[in-house]
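One-letter residues, chain by chain:
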Amino acid sequence: MADILLEGRNLTMLYPVRRGLFQGLIGMVRAVDNVSFSIERGKTLSLVGESGAGKTTTAKSVLLLERATSGSVYFEGKDIYQYNKDQLKREYRPRVQAVQQNPWSSMNPRMRVKDIVAEPLVVNAKQSKKENYDRVVELLDQVGLKAEHAEHFPHEFSGGQRQRIAVARALALNPSLVVLDEPVSALDVSIRAQIMNLLKDLQEAHNLSYLVIAHNLATVRYMSHGVAIMYLGQIVEYGDTEDLFENPLHPYTNALISASDLKLPEDRDQNEKEIILSGEMPSPLNPPTGCRFHTRCPEARPECSKIEPEMVTVGKHQVKCHKFV
Amino acid sequence: MIRFILVRFLQTVLALLGVITLVFLLVRLSGDPALMMMTSGSMEEDLVRIRQQLGLDKPQIVQYGIYLKGLVTGNLGESFRNNRPVAELISEALPNSLRLAVSSFIASMIIALLLGVLAATKRDTIFDNGVKMLAVLGQAMPDFWVGIMVILIFSVHWQIFPASGTDSPKHYVLPVAVLTFYILPGIMRIIRSSMLDVLDSEYIKLARIKGVPEKLVIWKHALRNALIAPLTTAGLILAGLIAGVVVIEYVFTMPGLGSLSLEGMALRDFPVVQGVVLVLSSAVLVINFLVEVLYAVIDPQIRYQYT
Amino acid sequence: MSKIVLEVEGLRTSFFTRKGIVKAVDGVSFFVREKETLGIVGESGCGKTVTGMSIMRLLPEPGGKIVGGRITLNGTSLLELSKREMRNIRGCMVSMILQDPMTSLNPVYTIGDQIAESVRMHQNLADEKMITNEVVSSLRLLQIPSPETLLKNYPFQLSGGMRQRVVGAIAMCCKPSLLIADEPTTALDATIQAQYIALFKDIQAKTDVAIIFITHDFGVIADMCHRVAVMYAGKIVESASTSEIFKKPQHPYTRALINSVPRLDRKDDRLYSIEGQPPSLMHLPPGCRFCERCSDSLEICSKEEPPEKNIGNNHTVSCWRVQ
Amino acid sequence: MEYLRDINEAKIEKRMELRRKFSRLMLIIPVVILALLILSAIFAPLLAPYSPTEIAMTERLQPPSFLKGGSPKHFLGTDSLGRDVFSRIIYGARISLSFSLIVIFITGTVGTILGIISGYFGGRLDSFIMRFTDVALSIPAILIAIILAVGLGPSFKTIVIASSILGWSGYARVIRGEAMRLREVDFVAQARIIGSSRMRIMIKHIFPNVINPLIIIATMMVGLMIIIEATLSYLGAGIPPPNPSWGAMVNDGRNYLETAWWISFFPGFCIGLVVLSCNYLGDWIRDKLDPRLRRL
């Protein structure tokens, strides 16, 4: 039995949409719709999808930046949505930290690196200044920075270095899970590999779990053990990374893979044509009936527009498509 | 669009009510109006009588109601000084002030547009620096002093223009010029900087990529977007204009709303002062409302948000 | 061989700022043929966008100036034209697509107005109806569904992908012979990006247009470009056909860049990573600009700039290691 | 015309160096003027040759010492009551400076608190505060001062209250915009992830990041406040005679323009010079701290 650290069960997040000066309610957006996933200890799960797929919203529900409308998050088997404020502060928040996408905005420009990295300690752990400082130096060393960097301000660093600082801050409280929201996409191509390698090293060293939010499939394949492909608020395919990329089932996954692989036209097989989806992702305010992907699906059948497919297990992973029911 | 106007209109009415209340409170806060009317020979019973006359013996909330009722029926009370209805005094003074304000506003708007846009397109040239200098000077020199200096030069020394009065268009030349110079810098700076922002935008780049001539890029593509920012600060500009009118009327002894209120102040004639302040602040709110409607016309996004 | 549309020789562009002179582009040469797509790839700040803006002669004023080189488009030397002549060429013979579709359309004019403006300016069409026809046909070329209804829409009513198509229609409406696309797909989602690239391949097949595709994404290069020029700190360090670049990269920077991108078609255990940062364009090192980050630099690398060598097949490299 | 220009880089570098030097030099003048202002405000009794309020009818309407027929005893001449204009200007600096500092302190504090609360919490509270602010912004302080002067009579206190009642709105609007922007910035979300309380976020993360705009507005307000004080005193709503406010002094000379122009001229000139210096320094500080706020 796998050692499951965190589990999202049937998470649904609705947002009211108001318009006009009277702020009249004109509908509900289903940003996340009945999403379930689990993360094993020391492993990485990636949520993949295009903008509007609901991956960031899902992460927010894990970080408790927003609460899910229904469903729950289980951490080490306990439902954290039942926790009171105090329990959350003691037992959950310190153990789930995050690294954000944009290293230029994720740090208070008025604070020194030592204060930025130490802030989680100041807020959560009652320690002396000296203890905090020693911890900061230790953390900076772990992410490949020097002790003297502690006295500098964020603007003195490059994007890659800033992202290292962000990682150091996320590790300050010895968390079990770190949510990585597009951790490399704001960085220059030649810097990305440094950070991805660092994250992998740290995972091994500290037995960390990662929840990665990403839109780049190649990054995901390199970083993660499990993948959930999201489309319009739902997970459409979910499973072991290798298995999923070797044997993608859902038409949307196939299209995504086709759109993001690095292949010269001359190297493609005769029968391996690029899949180009038509149209754009519909508005989550008015999602299509039946399978949400049917409006763009190259393999849509009549029942797809009427009945929503169930999640079914095929081989080592799960897929939500009528083809496999 | 109609909904937008309706909602903004309601908000304006609410704001108006707020201002009316504020004026009411300020008058009560600043002292007993009855005491202000007392002359040295008055008796204790005069005080009581005046209090009754003004309704000051009633509870505050009732006084507020009476005050509101008066406003709705257009009754702004009577002047202490000559017992004439305040509404009448105001309607006599209003045209002079309007002439001064409107002509200065139009003049400064035209100059500000021209100079602001040109300065933005010729960024960091001698022209731009000259315009900046003009703006800095206009903002630093107090308008009343500029007025006095202008009188010193043009009326006392050269005797080209009269120093006071409103009898002929000639009388308006100096006041309008000084007021224009006073409100110009603010408008010009806003137009210049918002024009600079727009000129840096991607869609201006695209217009140039299309091969649009520079003149059209500026006056067609950029200006309409650049005008949105000055509109959002219309309130500030208006406040400056009104303050300017009050001061300039006093400097050039013109019988307008400003002079009326200042005389009222000097003689502690509180119904007159209260009336003028109410009229001016309601004018501010109404104009603000009209500006917002204009704003919606320029920016299609706002128009569509409320349909 | 089809004819050369654009030739750039020794282009040098600098920015004169208060803090000093930034040599954004420092001696860059390349050419593009009809029906061909040239990819210019590099990291942010390597000068790829400035190269594009230099060809358009639309460098930010004041400060941005071309200080050397020649740009020849269809036999005309662009740097010798008057402002008016250049304006007639812009949007007509050469056009450009900018990166961010959300901000590159004027928010206060309708889509129809914005395309028609281009048509009106560059084509002698007397009749409004003919102009509308041109506008609609350019929207069709970009495969925009129901173009007639779109004409009256404002930009904010469209999605990002749709806006980028409209920008494409503006660029293509006067049938340019050269199109410069500056990261046109970076702001788009993966599946929309694939649509856009397929669309441009289709347009190129229909119109013979030469395309310069500026990007940092090797995936896009592989899909779209015939030839590639790799830029680093204001210089082209390597240029060759796309398959040569991917299969036989010669410059250590190109190699490192390609190896540091994770691949979807295989499982990597560890990515190759380039340490350090690109040099400041205000204080460039005397020798090879990549020297400091290079894993196998020679002694000469830090002293003298490597010359450009042609190693056959139009494959050029600037590196002391390559003989 | 050729677009390609032959450019001598060394020459341009040299010209830019000269420009940098020139702008540093230009900074000295306003700094000196403001230093003089502050010094005369503090050491007025030591610096002024005469009492600012003592009436000497025998000395009335004396021209400045440097004019023909001027009295050598009075550098800037005397007014209609024989008071020394120079001494009155020195004492006037006290009023100008203390007024603007007091009002800026009050309005800055109120405006910042309201702005942070409004911007950080957003929603209905925000729209309420902001509507209020918009109205406050468009009502000129002069009107409030006139009303108050009717009741309280013209005084220092009257104009301080009149300028403060609505004066917070300028700060509130800008600070609210900044707070709103900061609320969406990632480091605030990060602070929440770490477990910081709202109070800690507002104090530790929002406030330090609105200090720059706050300083910028406050410095720009110094000049404006000096003008407001002068204007109100000029109109008779402010500092009552015989106290030496610059604005009131300009008014004193109103009836003597033909014979004794210096009574009005010098105080007004002083206001212009001081405000010019304040604004110049304000612009400089703004460009140094946050060029984004050019529009204020």
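Residues numbered from 1 in each chain as written. Chains lettered and ligands numbered in written order. Predicted model: local features only at pLDDT ≥ 70, side-chain atom pairs only at ≥ 80, totals over all residues. Heavy atoms only, no water.

Peer 1: So what exactly am I meant to see when it comes to the overall build of chain B here?
Peer 2: Within chain B one finds 15 helices and 0 strands. A sequence separation of at least 24 residues applies to 71% of the contacts in chain B between residues at least 6 apart. Just so you have it, chain B exposes about 13700 Å², and 68% of that area is on carbon and sulfur atoms. Charged side chains of chain B number 24 positive and 21 negative; the gap between the two group centres comes to 11 Å. (Helix = DSSP H or I, 4+ residues; strand = E, 2+ residues; numbered from the N terminus. Contact = heavy atoms within 4.5 Å. Areas by Shrake-Rupley, 256 points an atom, 1.4 Å probe, with all protein chains shown as cover. Lys, Arg positive; Asp, Glu negative; His and termini not counted. Charge placed at Lys NZ, Arg CZ, Asp CG, Glu CD.)

Peer 1: Explain the domain arrangement of chain C to me, please; I cannot follow it from the model alone.
Peer 2: By a widely used convention, the size of an interface equals the accessible area lost when the partners come together. All names here are of chain C. Splitting chain C by domain gives domain 1 (4–93 + 178–263 + 270–317) and domain 2 (103–175). Each of domain 1 and domain 2 was reduced to a C-alpha centroid, and the two centroids are 29 Å apart. Taken together, the contact pairs 18 residues of domain 1 with 13 residues of domain 2. Summed over both partners, the interface of domain 1 with domain 2 buries about 1200 Å², with 66% contributed by carbon and sulfur atoms. Viewed at the interface, domain 2 and domain 1 are joined by 5 residue pairs in polar contact (both at pLDDT 80 or more). At the level of elements, helix H2 (83–89) and helix H7 (190–207) are the ones that each hand at least two residues to the side of domain 1 that touches domain 2. Broken down by element, the side of domain 1 that touches domain 2 gets its largest block of residues, 9 residues, from H7. A breakdown of the residues in the side of domain 1 that touches domain 2 according to their chemical character gives 10 nonpolar, 4 polar and 4 charged. (Domains from an automatic or database assignment. Buried area = accessible area lost by both parts, 1.4 Å probe. Polar contact = N/O pair within 3.5 Å; in protein donor to acceptor, adjacent residues only side chain to side chain. Nonpolar A, V, L, I, M, F, W, Y, C, P; charged D, E, K, R; others polar.)

Peer 1: What should I look at first to understand the pairing of strand E6 (residues 96–99) of chain A in this one?
Peer 2: On any regular strand, side chains alternate: one points to one face of the sheet, the next to the other face. All names here are of chain A. Burial along E6 is two-sided: Val96 and Ala98 and Gln97 and Val99, pointing in opposite directions, are all buried. Relative to strand E7 (residues 177–181), E6 runs parallel, the two sharing 4 bridges. Note on E7: the bridge partner recorded for Val96 is Leu177. (Buried < 20%, exposed > 50% of the residue type's maximum accessible area, 1.4 Å probe, protein only. Pairing = 2+ DSSP bridges.)

Peer 1: Just to check I follow, could you spell out the interface of chain D and chain A for this structure?
Peer 2: Contacts between chain D and chain A engage 16 residues on the former and 22 residues on the latter. Carbon and sulfur atoms make up 50% of the area that chain D and chain A hide from each other, which totals about 1800 Å². By the criterion of area lost to chain A, the three top residues of chain D are Gln190(D), Ile193(D) and Ile194(D), representing 37% of everything that side buries. Here chain D and chain A share 1 salt bridge between them. The salt bridge partner of Glu119(A) is Arg200(D), with a shortest N-O separation of 3.1 Å. Seen at the junction of chain D and chain A, the total is 12 residue pairs in polar contact (both at pLDDT 80 or more). (Salt bridge = Lys/Arg side-chain N within 4 Å of Asp/Glu carboxyl O.)

Peer 1: Looking at this model, I keep getting lost on the interface of chain D and chain B. Mind explaining?
Peer 2: Each side of the interface is counted separately: chain D has 46 residues, and chain B has 54 residues. For the pair chain D and chain B, the summed buried area comes to about 4400 Å², and 73% of that belongs to carbon and sulfur atoms. Joining chain D to chain B, the criterion identifies 2 salt bridges. Its salt-bridge partner being Arg131(D), residue Glu292(B) comes within 3.1 Å of it at the nearest N-O pair. At the junction of chain D with chain B, the criterion picks out 9 residue pairs in polar contact (both at pLDDT 80 or more). No other element matches the 11 residues that helix H10 (residues 262–289) of chain D contributes to the side of chain D that touches chain B. Residues belonging to the side of chain D that touches chain B are distributed by class as follows: 27 nonpolar, 11 polar and 8 charged.

Peer 1: What is the right way to look at the pattern of salt bridges in this model?
Peer 2: A side chain with one charge can pair with a side chain of the opposite charge if their charged atoms come near. This model, assessed by the stated rule, comprises 56 salt bridges over all chains. Where Lys320(A) meets Glu308(A), a salt bridge forms, and the shortest distance between an N and an O atom there is 3.2 Å. You can see Lys320(A) sitting in the segment after strand E12 (317–319) and its partner Glu308(A) sitting in the loop between helix H9 (251–260) and strand E11 (312–314), a full 12 residues away along the chain. Taking relative accessible area as the criterion, Glu308(A) reaches 39% and is therefore assigned partly exposed. With a closest N to O distance of 3.9 Å, Lys3(C) and Glu34(C) form a salt bridge. In this pair, Lys3(C) sits in the segment before strand E1 (4–16) while Glu34(C) sits in the loop between strand E2 (21–33) and strand E3 (37–41), placing the two residues 31 residues apart along the sequence. For Lys3(C), a relative accessible area of 46% translates into the label partly exposed.

Peer 1: It is not clear to me how the confidence of the model for chain B should be interpreted in this structure. Could you clarify?
Peer 2: Interpreting fine coordinate detail is not advised for predicted regions of low pLDDT. Residues with a pLDDT of 70 or more make up 92% of chain B, whose mean pLDDT is 85. For chain B, per-element mean pLDDT is lowest for helix H2 (residues 33–37) of chain B, which scores 64, and highest for helix H5 (residues 86–121) of chain B, which scores 93. (pLDDT = per-residue confidence, 0-100.)

Peer 1: What exactly am I supposed to notice about a positive patch on the surface here?
Peer 2: A surface patch of positive charge is lined by Lys132(B), Arg18(C), Lys11(D), Arg15(D) and Arg19(D). Of all the elements, helix H1 (residues 9–42) of chain D adds the most residues to the positive patch, at 3 residues. Mapped onto the fold, Arg18(C) is located in the loop between E1 and E2. For Arg18(C), a relative accessible area of 59% corresponds to the exposed category. (Patch = residues over 30% accessible without salt bridge, like charges linked within 9 Å, V, L, I, M, F, W, Y side chains within 5 Å.)

Peer 1: Which parts of the structure should I look at to understand the nonpolar core?
Peer 2: Generally speaking, a soluble globular protein has its nonpolar side chains buried in company with each other. Core analysis: the largest hydrophobic core is formed by 130 residues, its most contacted members being Phe144(B) and Ile206(D). Sort the elements by how many residues they give to this core and helix H8 (residues 198–235) of chain D lands first, with 16 residues. Setting aside anything within four residues of it in sequence, one finds Phe144(B) in contact with Val247(B), Val251(B), Ala230(D), Thr231(D), Tyr234(D), Gly247(D), Val250(D) and Ile271(D). Ranked by size, the runner-up nonpolar core spans 109 residues in total, among them Val32(C), Leu199(C), Val228(C) and Phe290(C). (Core = buried A, V, L, I, M, F, W, Y, C linked by side-chain atoms within 4.5 Å.)

Peer 1: What's the story with the sheet that holds strand E10 (residues 235–241) of chain C in this structure? I'm lost.
Peer 2: In a beta sheet, neighbouring strands pair by backbone hydrogen bonds and run either parallel or antiparallel. One open sheet holds the 8 strands; their spatial order is E6-E7-E8-E3-E9-E10-E12-E11 (chain C), and the pairing between them is mixed. Each edge of the open sheet carries a strand with a single partner, namely strand E6 (94–97) and strand E11 (309–310) of chain C.

Peer 1: I keep staring at unusual backbone geometry and nothing clicks. Help me out?
Peer 2: Trans peptide bonds make up most of the peptide bonds, and negative phi angles are found at most residues other than glycine. Residue Pro241(D) is joined to Pro242(D) through a cis peptide bond whose omega torsion reads 5°. Looking at where Pro242(D) falls in the secondary structure, it is placed in the loop between H8 and helix H9 (246–252). Positive phi, close to 55°, is recorded for Asn83(B), a residue that is not glycine. Counting through the fold element by element, Asn83(B) comes out in the loop between helix H4 (60–72) and H5.

Peer 1: In this structure, what is going on with empty space enclosed by the protein? I would like to understand it.
Peer 2: Counted according to the given criterion, the structure contains 10 cavities of 30 Å³ or more. The computed volume of the largest cavity comes to approximately 80 Å³. As for the largest cavity, its lining consists of His250(A), Pro251(A), Cys291(A), Phe293(A), Cys297(A), Glu299(A), Ala300(A), Arg301(A), Cys304(A), Cys321(A), His322(A) and Lys323(A). Its residues assigned to classes, the lining of the largest cavity comprises 7 nonpolar, 2 polar and 3 charged. Taken together, His251(C), Pro252(C), Cys288(C), Phe290(C), Cys291(C), Cys294(C), Ser297(C), Cys301(C), Pro306(C), Cys319(C) and Trp320(C) form the lining of the second largest cavity. For the lining of the second largest cavity, the per-class residue count stands at 9 nonpolar, 2 polar and no charged. (1 Å grid on protein atoms, 1.4 Å probe; cavity = no way out; pocket = protein on both sides within 12 Å on 5 of 7 lines; lining within 4 Å. Points joined across faces, edges and corners; volume = space filled by probe spheres on them.)

Peer 1: Is there a simple way to explain the side chain of Glu183(C) in this structure?
Peer 2: Residue and element names in this part refer to chain C. Mapped onto the elements of the fold, Glu183 is located in the loop between strand E7 (178–182) and H7. Residue classification places Glu183 among the buried residues on the basis of a relative accessible area of 6%. Once you skip the residues sitting within four places of it in the chain, Glu183 turns out to touch Lys48, Gln99, Ile214, Thr215 and His216.

Peer 1: So what exactly am I meant to see when it comes to helix H1 (residues 55–63) of chain A here?
Peer 2: Owing to its 3.6 residues per turn, the α-helix brings residues three or four apart onto one side. Residue and element names in this part refer to chain A. H1 sits mainly inside the fold: 7 of its 9 residues count as buried. Turning to H1, its buried residues number three or more, namely Lys55, Thr57, Thr58, Ala59, Ser61, Val62 and Leu63. Just past H1, the residue Leu64 takes up positive phi, approximately 60°.

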